[in-house]
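Tertiary structure, described
Here are the chains, one letter per residue:
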Amino acid sequence: MTEVFSIRTYLRDIPLPFCPGCGNITVMDYFLRAVHELGHKDLRKFVFLSGIGCTAWIPSPHFEADSIHTTHGRSIPAATGMKLVRPELNVVVFGGDGDLVGIGLSHLIHAARRNMDIKVILVNNMIYGMTGGQVAPTTPFKAKTTTTPYGSFEHPLDATRLVVAAGASYAARWTTIHGVQLKEAMKKMLTTEGFAFVEAVSQCPTAFGRRVGLKTVADMLRWFKENSVPLEEAEKMTEKEIEGKIVVGEHVSRRLPTLTETIHETIEEARKHA
Amino acid sequence: MNKKKVEQSTFFWQGNEACAEAAIAAGCRFFAGYPITPASEIAEHLAERLPQVGGIAIQMEDEIASMGAIVGASWAGAKAMTATSGPGFSLMQENIGYAFMTETPCVIVDVQRAGPSTGQATKCGQGDVMQARWGTHGDYASIVLSPNSVQEMFDLTIQAFNLAETYRAPVILLADEVVAHMRERIVVPAKIEILNRRKPKPTEKAFFGVEEIPPMPSVGAGFNVTVTGSTHDEYGIRSTADPKVHQKLVERLVGKIRGNADRLADVEEHNVKNCDVGIVSYGCTSRAVYETVDLARERGIKVGFIRLKTVWPFPDKIVQVMAKNAKAIIVPEMNLQQIFYEVKRAVGNAVSVFPLNKIGGGEMITPEELFTEIIEGAWKK
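Residues numbered from 1 in each chain as written. Chains lettered and ligands numbered in written order. Predicted model: local features only at pLDDT ≥ 70, side-chain atom pairs only at ≥ 80, totals over all residues.

A word on the overall build of chain B
Check the secondary structure of chain B and you find 13 helices and 16 strands. In summary, chain B has a C-alpha radius of gyration of 21 Å against a globular reference of 21 Å for 381 residues, a match within 12%. The long-range share in chain B, meaning contacts at least 24 apart out of those at least 6 apart in sequence, stands at 76%. (Helix = DSSP H or I, 4+ residues; strand = E, 2+ residues; numbered from the N terminus. Rg over C-alpha atoms; globule rule 2.2 N^0.38 Å. Contact = placed C-beta atoms within 7 Å.)

Have a look at this one:
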């Protein structure tokens, strides 16, 4: 790579809205580094879609690119329609855990099932941050949030394992302390044919960390570090031992027929018989 | 149907089939839907036919996703449609609001059945008239067309696409089970007028304002367009606190439809200026009116009617002309007085307005019932 990476190459000149210490900035940075290292000098070949929540504001309107900021949880259906009509575009979805794993979960599963060739980045901060720190489907058991003041009585969902089971071509999970791995996973995601998914476990110091005893960003990152277990190790552990851990690594990478391929084969077939 | 495109000819089609063929004729190349009675035939027909013309038909996981997918397809440059019935129409309302706010042309077909809720899935109703107008939240205006024959399922579907492209707005084809499921003779005309959205020039940047109906770029065309359902300025940049930006945007969005109400008004009228009794009707219910007029004429009663092909924006002025001439206006509907109150609002105190309603079981209002209302109804007392 001859040119030096500058994040400004890919951004509009609009101030970022994120709180100090927000993990979204880290994810944005590593995503754009991945784009840069793949040789894209701009974002012209990309379309970005997002729903509602802090993560939705990573691309919209900050990326100097086409960006569609949809309704809450509905970025994946819009991305599906867009990619089917314009298969040559790189369609990338950014979403938080509330957006993609809460209200929009059905679409996430079905996109993986269809092997819809879109790239999905889940920024999982384990909380509804924008609305002030309510419990999410990803919130750890017993964590105190504004809507679980006595601690959460529910168990969290593992989105990465879910999309693997549903049929994704690529899925990886890292945290915001795993910068290099996160960037490499995003590069692999962007070059995968089919549904590709990267979960970035991320810190929300404003609405989550300070309520669960992790007062500073550094405390949160240290917690990620101490709780992360590589996939290879996790496979040797019992379910009970894994509970509360963050299983990091590449969960799947495989070549499967994509929806764009199968739907366009169908069109060719139908045209022959028309 | 093996022909790639429908050519000028006469067919014996089901209403839903006519709607699907009209969509193809109008240039629709993307359909996303979810199975629901009594609209499923539209999806089934397009699943067979769209691939033959290089288009895409996909069954989504629900109606929310269907509506989301057509919004995405529209921004990718395709003419796109979905079709549903009441319960699915309810689920689509959020993204219909999004399509309105982001000025995304698309067509939503609602084949009405008896509601609320699951209601009577296979039976006709006209209970979604107000939902088609006010279904999504916030200030908005909608363009809603109501066909009363298989021919109009074809003609008004094309019209719906043309209006969606012209006004850069979602357009609703408000059909009903009777019109959608019956079979009739239909003539596909030799020449069909097709209108397309205005594309921006390479130097243009204001895709959400300045002009009343701004040009619309597609994604992937180098415009770096930012689309958002949040309040935004002329360039699509979010502005979620400035009252002026919100007021300017939403007044323009509502104004481009409300302000063009006269141009959008499409009605069939008969004896509006010379009638004793006027009837305002739409959809399947209006089919009883023609015979009623004949029955009344035999008794020497002059009956005039207005049949709404455009239900929204409501054609106030045309109804007001009738109000000046008629002694009473009767509004027959297969719901509990939805357009009735709209007619009352439009005519004020100029004339008395009387409802005639029937719901459930798919039972239509008959010409005899309408005639009875004319000769001995409440308006006479």
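The structure having been displayed, the exposition proceeds.
Observations regarding the overall build of chain A
Within chain A, the secondary structure is distributed over 10 helices and 8 strands. Since a compact globule built from 274 residues should have a radius of gyration of about 19 Å, the 18 Å found for chain A is in line with a globular shape. In terms of its C-alpha atoms, chain A occupies a principal-axis envelope of roughly 65 × 45 × 35 Å. Nonlocal contacts in chain A, meaning residues at least 24 apart in sequence, comprise 67% of its contacts between residues at least 6 apart.

Examining helix α7 (residues 217-227) of chain A
Residues and elements named next belong to chain A. Taken together, the buried positions of α7 are occupied by Met220, Leu221 and Phe224. Burial along α7 is one-sided: seen end-on, the buried residues are contained in an arc of 95 degrees. Exposed residues lying more than 90 degrees from the buried face of α7 are Lys225 and Glu226. Among the structural elements, β5 (170-175), β6 (196-201), β7 (228-230) and β8 (246-253) are those in contact with the buried residues of α7. (Buried ≥ 20, exposed ≤ 12 C-beta atoms within 10 Å, placed from the backbone. Arc of directions from axis to C-beta.)

A few points about the sheet that holds β7 of chain A
Pairing is mixed in the open sheet, where 9 strands are placed in the order β7(A)-β8(A)-β5(A)-β6(A)-β4(A)-β3(A)-β1(A)-β2(A)-β10(B). In this open sheet, the two edge strands, each paired with only one partner strand, are β7 of chain A together with β10 (226-228) of chain B. In this sheet, neighbouring strand axes are inclined to one another by 20 degrees on average, regardless of whether the strands run parallel or antiparallel. Running over the sheet, α7 of chain A touches β5, β6, β7 and β8 of chain A and is turned about 35 degrees from β7 of chain A. (Pairing = 2+ DSSP bridges. Axes fitted to C-alpha atoms, helices over the stretch in contact; angles between N-to-C directions.)

Some words on the interface of chain B and chain A
Contacts between the two partners involve 41 residues from chain B, matched on the other side by 32 residues from chain A. Put simply, the parts of the chain that give the side of chain B that touches chain A at least two residues each are β2 (28-33), β3 (56-59), α3 (63-75), α4 (86-101) and β10 of chain B. Class assignment of the residues belonging to the side of chain B that touches chain A gives a composition of 21 nonpolar, 15 polar and 5 charged. Pairing geometry for strand β2 (residues 66-69) of chain A and β10 of chain B, over 3 bridges, is parallel. Of the residues in β10 of chain B, the one forming a bridge with Ile68 of chain A is Val227 of chain B. (Nonpolar A, V, L, I, M, F, W, Y, C, P; charged D, E, K, R; others polar.)

Notes on the domain arrangement of chain B
Residue and element names in this part refer to chain B. When cut into domains, chain B gives domain 1 (9-188) and domain 2 (268-380). Once you take the C-alpha centre of each, domain 1 and domain 2 turn out to be 27 Å apart. Counting residues at the interface gives 24 residues for domain 1, matched by 23 residues for domain 2. Going through the elements one at a time, β6 (120-124), α5 (129-134), β7 (143-145), β8 (170-176) and α7 (177-181) are the ones with two or more residues in the side of domain 1 that touches domain 2. Looking at the side of domain 1 that touches domain 2 element by element, the count peaks at 4 residues for α5. Residues that form the side of domain 1 that touches domain 2 fall into these classes: 13 nonpolar, 7 polar and 4 charged. (Domains from an automatic or database assignment.)

What about the sheet that holds strand β11 (residues 267-270) of chain B?
Residue and element names in this part refer to chain B. The 5 strands are arranged β11-β13-β12-β15-β16 in an open sheet whose pairing can be described as mixed. With one partner strand each, in any of the chains shown, β11 and β16 (352-357) form the two edges of the open sheet. Going across the sheet, the axis of each strand differs from the next one's by a mean of 20 degrees, ignoring polarity. The sheet contact formed by strand β12 (residues 277-281) and strand β13 (residues 303-308) spans 5 bridges and is parallel. Bridge assignment links Val280 to a residue of β13, and that residue is Ile306. The strands that helix α12 (residues 339-347) touches are β12, β15 (328-333) and β16; relative to β15, the one it contacts most, it runs at about 155 degrees.

Topic: unusual backbone geometry
Cis peptide bonds are those with omega within 30 degrees of zero, and the linkage from Ser60 of chain A to Pro61 of chain A qualifies with -5 degrees. The topology assignment puts Pro61 of chain A in the loop between β1 (46-50) and β2. A cis amide bond, omega 5 degrees, links Thr37 of chain B with the succeeding residue Pro38 of chain B. Within the fold, Pro38 of chain B resides in the loop between β2 and α2 (40-49). Of note, Asn271 of chain B is a non-glycine position whose phi angle comes to about 50 degrees, a positive value.

Thoughts on the pairing of β8 of chain B
Residue and element names in this part refer to chain B. Along β8, 7 of the 7 residues are buried, which leaves the element largely enclosed by surrounding structure. Every second residue of β8 is oriented toward a common face, with Pro170, Ile172, Leu174 and Asp176 on one face and Val171, Leu173 and Ala175 on the other, all of them buried. In this sheet, β8 lies alongside strand β5 (residues 106-114) in parallel orientation, the contact comprising 7 bridges. The residue of β8 that forms the bridge with Ile108 is Ile172. Two strands pair when backbone bridges link them, and β7 and β8 are joined in this way by 3 bridges, in the parallel orientation.

Structural notes on the environment of Phe305 of chain B
All names here are of chain B. Summarising the element assignment, Phe305 is placed in strand β13. Distance in space between the C-alpha atoms of Phe305 and Ile318 is 11 Å, their sequence separation being 13 residues. Among all residues touching Phe305, those that are not within four sequence positions of it are His270, Gly278, Ile279, Ser281, Val289 and Val293.

Considerations on the packing of helix α10 (residues 289-298) of chain B against helix α13 (residues 367-376) of chain B
All names here are of chain B. Closest axis-to-axis distance for the α10/α13 pair is 8 Å, and the angle between their directions is 50 degrees. When the axis of α10 is compared with that of α13, the two are oblique. Seen along the crossing, α10 lies across α13 with a hand that is right-handed. Contacts from Val289, Glu291, Thr292, Leu295 and Ala296 of α10 reach α13 at Pro367, Leu370, Phe371 and Ile374. Taken together, the residues of the contact of α10 with α13 sort by class into 7 nonpolar, 1 polar and 1 charged. (Parallel < 35°, antiparallel > 145°, perpendicular 65-115°, else oblique. Left-handed = near helix turned anticlockwise from the far one by under 90°.)

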